[in-house]
Amino acid sequence: MKKSFKLIVFPLLLTCLVFTYSAINVFASENTSLHEEMLPNGLKVLALKDPSAPLAVFQIWYHAGSINEQIGKTGLSHLLEHMMFKGTPKYAPKEFSKIISRAGGVDNAGTTRDYVFYYQKLAPDRLHLSIELEADRLRNLIMAPKETLAELNVVMEERRMRYEDDPQSLVYEEVLSTAFKNNPYRWPVIGWMQDLKQITRDDLYEYYRKYYVPNNALIVIAGNIDIDSLMAKIRKEFGAIPRGGDIKGAKIEEPEQIGERRIFVKKEAELPYILCAYKVPNIFNEDSYALEVLAAVLAGGKSARIYKSLIDEKRIALSADASYSSFDKYPFLFYLDATALPGKSINEVEKALYEEVEKIKKQIPSEREVQKAKNQIEASFIMGQDSIFFQAEVLAMFEMLGDWRLKDKYFEGIKKVTLEDVQRVAQKYLIEDKRTVGILIPIKKNADRK
Amino acid sequence: MKKLKLKKILFFTLILHFAFCILHSTAFALDIKREVLENGLTLLIVEKHNLPVVRVTVGIKAGSIVESEEKAGIANLTAELLTAGTKKRTASQISEETEFVGASLSASGGNDYATAALSVLKKDLDLGFDLLSDTILNPSFPDDELNKKRERIKGGLRAQEENPEFVASREFKKAVFGIHPYGRLVQGSPEALDRIKRDDLVNFHSTFYAPNNAIMSVVGDITPEEVKNLLKQYFSEWHTKELIVSPQKPEGIKEKKIINIDKDLTQANIILGHMGISRDNPDYYAVSVMNYILGGGGFESRLMQNVREEKGLAYDIHSFFDANKYGGLFEVGLQTKNESANTAIEEILKEIKKIRSKSISDAELSDAKSFLTGSFPMRLETSQRIANFLVAVEYYGLGMDYIDKYPKYINSVTKDDVLRAAKKYLDSENFTLVVVADQKKAGLKKEFKQ
């Protein structure tokens with residue numbers, strides 16, 4: 001997927017995962033080691049030492065993504081992410097990032113459907129700053145009404161930039177809200193504009209108090225770090241924070257889709273675009289591994305089926321892709337998307353996409369193709385390890401799904417995928433009745449515009 | 001993360017010997033081996049054995065700066081077509097061989113130089129170098145591939161029209177640089193692309209793609225001896241060529257230019273700026289510090305504080321100096337709802353005038369220095385970044401000890417230097433202003449109207 005559809009910062013990196021290492025040396029270099037601890041207040045900490053990393057990273061993740069929101073108040077999670085930079089009694093609104101950048105570091109955050117995470121990249125001997133600052137804002141955010149209102153405006157500008165004025169993103173938004181009827185995945189992480197306009201400071205504060213509690217959080221620190229001293233610091237700063245209430249998530253069950261859904265977006269745009277989304281399981285289902293491999297077989301690069309057919313041979317698409325990630329908490333979607341070349345019809349493009357799907361259903365993929373897909377997934381993961389941030393993120397993603405050790409299971413799963421598996425999951429899941437299709441129809445509003 | 005041009009990365013994210021982490025035995029340092037080979041190729045090697053991965057970046061001094069206006073886009077097209085077929089491989093074979101081992105091989109043009117990049121697992125090093133050399137030395141520029149690529153570039157340009165930021169940027173560059181290559185898109189224009197024939201590509205390639213016109217950086221799990229052997233095996237047919245190149249500097253005309261473009265948008269995309277400095281300007285470092293404070297320092301910058309934090313007018317506002325080899329530009333960019341366009345432009349001008357008239361504070365100066373010098377390891381975190389960095393350092397003649405020199409340059413900048421730089425290199429009267437918006441809703445003031 002090419003666009004920054006949502007506020008997920010690194011979704012694509014995470015589709016390429018896991019390499020088998022011995023139980024202790026779980027990551028990059030020979031001398032890496034992992035320390036795992038749960039504080040009495042429920043806060044989980046993972047500390048990864050990698051002596052080869054030139055810098056260190058601190059990440060804190062909360063199970064506080066948009067999935068926890070309610071109708072009429074969507075966008076809370078992401079707005080809260082913004083507000084986390086707006087000050088506590090100890091550190092004024094501008095202070096947080098200033099302290100980090102003075103220390104030569106960078107900091108940022110991201111909100112997804114399932115989580116929100118905050119991170120800083122710093123020299124290893126400065127990580128204590130992260131610990132102090134994050135422990136402080138976990139509990140002591142002021143959330144002044146004036147600041148909240150000003151930030152709401154910023155978020156609305158962000159929404160305009162990412163969605164209102166981005167036709168393909170609008171299609172994505174429509175597809176999601178049509179594909180899911182009951183699952184909160186159906187509303188955008190950034191929230192509907194109408195909801196943003198009516199969110200109150202109290203809504204936000206209530207959400208913050210409920211979800212930003214140690215027993216709902218995970219810390220990952222990684223780099224050439226002194227684990228003992230940092231753990232001591234974490235126990236001191238975070239350990240003092242009382243455990244929060246138990247958070248009982250509603251059991252979300254999406255009703256079965258029993259027929260294709262189609263939506264259209266008419267907007268000033270240049271080229272037609274199509275996004276097809278099929279309902280598929282996530283990592284808790286054994287089929288997810290084959291789905292990953294299927295996505296790579298279909299669209300792993302220029303030598304893969306969709307590129308070869310739509311872009312190279314038929315020359316009807318400017319871009320065409322297939323993508324799947326198994327890392328959502330709830331079963332999510334397998335995508336096919338494409339932008340038509342000027343002068344080509346989106347119907348032709350749609351037809352060609354389905355042709356590729358039918359081909360792989362009818363005829364089993366080749367040994368070489370499947371091996372290539374696996375090689376790509378593996379190589380991508382190995383190369384990704386060069387970044388300590390990526391290493392930390394991988395740990396975090398799996399831990400947030402239940403257990404960081406899942407990542408080993410993941411790679412084993414990928415390795416075991418057979419040619420038959422790839423064909424079987426295409427037959428099982430890439431079917432018309434489970435599909436939601438969104439099409440962008442470009443229109444020119446005013447003839448004399450421009 | 002927006003378009004991360006190498007110069008911009010260099011600009012903000014400069015490197016420094018790890019000033020703060022002095023005592024660790026694993027303190028970050030870059031051990032660069034530089035050699036100019038017999039055939040004139042400048043070879044830069046950094047060993048990094050944390051992962052079984054090797055990255056190679058080749059910079060060829062054949063950016064759009066050397067192309068004619070008539071054949072605008074030929075530099076980029078030549079680069080992009082390197083992987084579209086060689087004397088012994090078709091485009092399909094190249095992508096199949098590369099992707100089967102999970103490697104990546106790509107090439108594209110830039111303003112100053114073109115870049116070919118290889119990422120490969122150690123175990124496939126031979127294949128990687130084979131493919132890299134084959135594509136750089138013996139591209140065949142097949143006619144059908146040329147046509148396909150041309151179609152796609154044109155399609156891509158058309159698609160980009162949908163992106164208001166792209167439209168604003170394109171108009172801005174054109175207005176600032178006029179007919180100079182820096183004023184064009186690297187991809188060229190549809191009309192110019194149509195004029196390019198296969199012979200043109202062959203000539204361009206044979207004229208500019210010579211080892212004495214190139215820089216190669218190799219970073220990763222490899223020794224200098226291994227590199228030499230691979231070069232001997234795969235690049236021995238790359239022979240010195242006589243080069244006659246005389247790139248022009250852009251002409252600086254001081255005048256106010258205003259461009260308004262009407263589109264169906266909720267936000268105004270605004271760019272305000274003018275010509276800047278070239279990379280070798282001795283004031284580059286004073287300008288770096290000045291720009292960090294004005295609008296380059298993320299949340300710390302004056303523009304961010306004013307326009308986003310205080311007024312909530314934008315999600316993103318930034319300024320930068322894009323310093324190329326022969327010239328450069330300065331710009332401030334933001335997106336804000338149509339109705340706020342006037343206010344936003346006024347605030348930008350206010351900030352420019354302010355930094356030109358009054359000295360910055362001690363705190364601002366020290367914060368800027370702290371970040372610029374301290375954030376160095378971040379920019380050399382991965383082999384990929386190191387490889388790109390090495391080529392840039394060599395191309396811009398910064399010296400192999402640049403990493404050590406940089407903090408000295410930055411730390412020696414005084415408040416007076418910043419004021420002087422602001423007065424000299426910022427202009428609040430003769431600027432180019434581009435506003436892409438729903439012009440009716442924006443209701444621009446007379447002084448901001450075309």
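Residues numbered from 1 in each chain as written. Chains lettered and ligands numbered in written order. Predicted model: local features only at pLDDT ≥ 70, side-chain atom pairs only at ≥ 80, totals over all residues.

### Here we look at the overall build of chain A
So, point 1. Counting its secondary structure elements, chain A contains 15 helices and eleven strands.
So, point 2. Judged by the C-alpha coordinates and their principal axes, chain A covers about 60 × 55 × 40 Å.
So, point 3. Counting the 450 residues in chain A, one finds 56% classified as buried.
So, point 4. Sequence separation of at least 24 residues holds for 81% of the intrachain contacts in chain A that already meet a minimum separation of 6. (Helix = DSSP H or I, 4+ residues; strand = E, 2+ residues; numbered from the N terminus. Buried ≥ 20, exposed ≤ 12 C-beta atoms within 10 Å, placed from the backbone. Contact = placed C-beta atoms within 7 Å.)

### Here we look at the packing of helix α9 (residues 287-299) of chain A against helix α10 (residues 305-313) of chain A
Residues and elements named next belong to chain A.
So, point 1. Remark: α9 packs on α10, axes separated minimally by 4 Å, with the N-to-C direction vectors making an angle of 30 degrees. As summarised for this structure, α9 and α10 are arranged roughly parallel, according to the angle between their axes. Residues Val297, Leu298 and Ala299 of α9 form the contact with α10, whose participating residues are Arg305, Ile306 and Tyr307.
So, point 2. Per-class residue counts for the contact of α9 with α10 are five nonpolar, no polar and one charged. (Axes fitted to C-alpha atoms, helices over the stretch in contact; angles between N-to-C directions. Parallel < 35°, antiparallel > 145°, perpendicular 65-115°, else oblique. Nonpolar A, V, L, I, M, F, W, Y, C, P; charged D, E, K, R; others polar.)

### Some thoughts on the pairing of strand β5 (residues 116-122) of chain A
All names here are of chain A.
So, point 1. Of all seven residues making up β5, seven are buried, and the element is well covered by its neighbours.
So, point 2. Covered by surrounding structure in β5 are Val116, Tyr118, Gln120 and Leu122 together with Phe117, Tyr119 and Lys121, the residues of both alternating faces.
So, point 3. Where strand β3 (residues 56-62) and β5 come together, seven bridges link them in antiparallel fashion. Opposite tryptophan 61, over in β5, you have phenylalanine 117 as the bridge partner.
So, point 4. Pairing geometry for strand β4 (residues 106-111) and β5, over six bridges, is antiparallel. Across the sheet, the residue bridging to aspartate 107 is glutamine 120, located in β5.
So, point 5. From the end of β4 to the start of β5, which pair antiparallel, there are four residues. (Pairing = 2+ DSSP bridges.)

### Structural notes on the domain arrangement of chain A
Residue and element names in this part refer to chain A.
So, point 1. Parsing chain A into structural domains produces domain 1 (31-239) and domain 2 (261-443).
So, point 2. The distance between the C-alpha centroids of domain 1 and domain 2 comes to 28 Å.
So, point 3. Domain 1 puts 30 residues into the contact, and the matching count from domain 2 is 26 residues.
So, point 4. Of all the secondary structure elements, the ones that give two or more residues to the side of domain 1 that touches domain 2 are β2 (44-49), β3, α5 (167-179) and β6 (217-223).
So, point 5. Here the element with the most residues in the side of domain 1 that touches domain 2 is α5; it accounts for nine residues. (Domains from an automatic or database assignment.)

### Quick word on the domain arrangement of chain B
Residue and element names in this part refer to chain B.
So, point 1. Along its sequence, chain B is carved into domain 1 (6-17 + 28-234) and domain 2 (257-389 + 398-448).
So, point 2. For domain 1 and domain 2, the distance between their C-alpha centroids amounts to 28 Å.
So, point 3. On the side of domain 2, 44 residues touch domain 1, which itself brings 37 residues to the contact.
So, point 4. Of all the elements in the fold, those that place two or more residues in the side of domain 1 that touches domain 2 are α1 (6-12), β3 (53-60), α6 (164-177) and β6 (214-220).

### Observations concerning the pairing of strand β8 (residues 267-275) of chain B
All names here are of chain B.
So, point 1. In terms of burial, β8 is a largely internal element, nine of the nine residues being buried.
So, point 2. Relative to strand β10 (residues 328-337), β8 runs antiparallel, the two sharing nine bridges. Looking at the pairing, asparagine 269 lines up with glutamine 335 of β10.
So, point 3. Relative to strand β11 (residues 432-437), β8 runs antiparallel, the two being bridged by five bridges. Within β11, the residue paired with leucine 272 across the bridge is leucine 433.

### Focus on the sheet that holds strand β1 (residues 33-36) of chain B
Residues and elements named next belong to chain B.
So, point 1. Read across the sheet, six strands follow the order β1-β2-β6-β3-β5-β4 without closing on themselves; strand pairing throughout is mixed. Edge positions in the sheet fall to β1 and β4 (104-108), since each of these pairs with one other strand and no more. Put simply, the sheet's adjacent strands are angled 10 degrees from each other on average, direction ignored.
So, point 2. With five bridges connecting them, β4 and strand β5 (residues 114-121) associate as antiparallel partners. Across the sheet, residue serine 106 finds its bridge partner in β5, namely alanine 117.
So, point 3. Across the sheet, helix α4 (residues 125-137) lies against β3, β4 and β5, angled at about 160 degrees from β5, the strand it touches most.

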